[in-house]
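Chain and residue survey
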Amino acid sequence: MIKLSKRLRAIVNFCDKNKIIADIGTDHGFVPNFLFEEDITRKIIATDISLNSLNKAIEFTELRGNKGKIEHIVCNGLEKIPPVDQIIIAGMGGILISKILDRDFEKARQAEKLILQPMQQVDYLRKFLYDKGFKILDEKIVFEDNKFFHIIVANYKAIKEEYRDIDLKVSKLLRNRKDKDLIEFLKYLINYNIFIIKNIEGSSTRSIYKKDKLREENIKLKEILDEIQK
């Protein structure tokens, strides 16, 4: 069995059995090969933006003895993939993931499930999903290598959900679930904001405004933390 990192293991745990799955920006191809070897998928497609990038996955597939079992496609985002049941886009920024989904919106809309793992700008991605009529079905926070990784599972419902700014930064779904990993993430955010406040220099209007905004955010974060810990 391929040994996956906690982040990648959490991603594959969201994949359903007997589906056609595309892994966009597959990198080394660990996820597609794992899905094939564990007999999770009916068909698996691995893509990357250049042949040079995709060759890492092709070589790993051959090393595992899975040549011909995984389809490899050089393409930018979703542009050359056929319609699939589930789409994985992991290891990119939230802005880039949003652009990929928006550029080939019809394919994203038709998928039963999007499994998205932004490396940063998770708030931007949540806003995109809400504004475009996607529903966030599930979320998970994984702490690995001293970093918090967010995994968002969504699909298209053509209904725009209302949200507040804090909902973009802190998952509504995990708050309602009183998720333990969210507790640690909230503590991290609060401490990080305190660190930034202490290191903002000067007394300009801009500096004061930034400090005040961070203090206001910490009040909201502490309220959420207290509510989850009840």
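Predicted, not measured: the structure shown is a model, and the values here were computed from it.

Concerning the overall build of the protein
Check the secondary structure of the protein and you find 10 helices and seven strands. By the compact-globule yardstick of 17 Å for 230 residues, the protein fits well, its C-alpha radius of gyration being 19 Å. Seen along its three principal axes, the alpha-carbon backbone of the protein occupies a region of about 60 × 35 × 35 Å. In the protein, buried positions account for 48% of the 230 residues. For the protein, long-range pairs separated by at least 24 residues make up 67% of all intrachain contacts whose partners lie at least 6 apart in sequence. A total accessible area of about 12500 Å² is found for the protein, and carbon and sulfur atoms account for 49% of it. In the protein, which carries 43 positive and 36 negative side-chain charges, the distance between the mean positions of the two groups comes to 2 Å.

Considerations on the domain arrangement of the protein
Segmenting the protein into domains produces domain 1 (6–160) and domain 2 (181–229). Computed from C-alpha atoms alone, the centre-to-centre distance between domain 1 and domain 2 is 32 Å. Taken together, the contact pairs four residues of domain 1 with five residues of domain 2. Looking at the side of domain 1 facing domain 2, the largest losses of area belong to Ile-141, Phe-148 and His-150, adding up to 93% of the total buried there.

A short note on the nonpolar core
Ranked by internal contacts, the top residues of the largest apolar core, which has 29 residues, are Ile-24, Ile-81, Ile-87, Ile-89, Leu-101, Leu-116 and Leu-129. Of all the secondary-structure elements, those providing two or more residues to this core are β1 (19–24), β4 (86–92), α4 (94–103), β5 (113–118), α6 (122–131), β6 (134–144) and β7 (147–156). Listed in part, the 24 residues of the second largest apolar core include Phe-14, Ile-21, Phe-34 and Phe-60.

Describing unusual backbone geometry
The general pattern is negative phi for most residues beyond glycine and trans for most peptide bonds. Unusually for a residue other than glycine, Asp-27 sits at a positive phi of about 60°. With respect to the secondary-structure elements, Asp-27 resides in the loop between β1 and α2 (30–37). Residue class for Asp-27 comes out partly exposed when judged on its relative accessible area of 35%.

Describing the pairing of β7
Summarising burial for β7: eight of the 10 residues are buried, a large majority. Here three bridges tie β5 to β7, and the two strands are oriented antiparallel to one another. Bridging across to β7, Ile-115 finds its partner in Val-153. As paired elements, β6 and β7 share 10 bridges and run antiparallel to each other.

Brief notes about the pairing of strand β2 (residues 41–48)
Strand residues, when the strand is regular, have side chains that alternate between the two faces of the sheet. Within β2, six of the eight residues are buried, which leaves it mostly tucked inside the rest of the structure. For β1 and β2, the ladder comprises six bridges, and the chain directions are parallel. Bridged to Ile-24 within β2 is Thr-47. Read as a crossover between parallel neighbours, the route from β1 over α2 to β2 is right-handed.

Topic: the sheet that holds β7
The strands that make up a sheet are held in pairs by hydrogen bonds between backbone atoms, and each pair lies either parallel or antiparallel. What the seven strands build is an open sheet, ordered β3-β2-β1-β4-β5-β7-β6; its pairing is mixed. Two strands close off the open sheet at either side, each with one partner strand: β3 (71–74) and β6. On average, adjacent strands in this sheet sit at an angle of 20° to one another, irrespective of strand direction. Most of the contacts of helix α3 (residues 51–63) go to β3, to which it runs at about 170°, and overall it touches β2 and β3.

Basis of the calculations
Residues numbered from 1 in each chain as written. Predicted model: local features only at pLDDT ≥ 70, side-chain atom pairs only at ≥ 80, totals over all residues. Heavy atoms only, no water. Helix = DSSP H or I, 4+ residues; strand = E, 2+ residues; numbered from the N terminus. Rg over C-alpha atoms; globule rule 2.2 N^0.38 Å. Buried < 20%, exposed > 50% of the residue type's maximum accessible area, 1.4 Å probe, protein only. Contact = heavy atoms within 4.5 Å. Areas by Shrake-Rupley, 256 points an atom, 1.4 Å probe, with all protein chains shown as cover. Lys, Arg positive; Asp, Glu negative; His and termini not counted. Charge placed at Lys NZ, Arg CZ, Asp CG, Glu CD. Domains from an automatic or database assignment. Buried area = accessible area lost by both parts, 1.4 Å probe. Core = buried A, V, L, I, M, F, W, Y, C linked by side-chain atoms within 4.5 Å. Pairing = 2+ DSSP bridges. Right-handed = clockwise from strand over helix to strand, strands pointing away. Axes fitted to C-alpha atoms, helices over the stretch in contact; angles between N-to-C directions.

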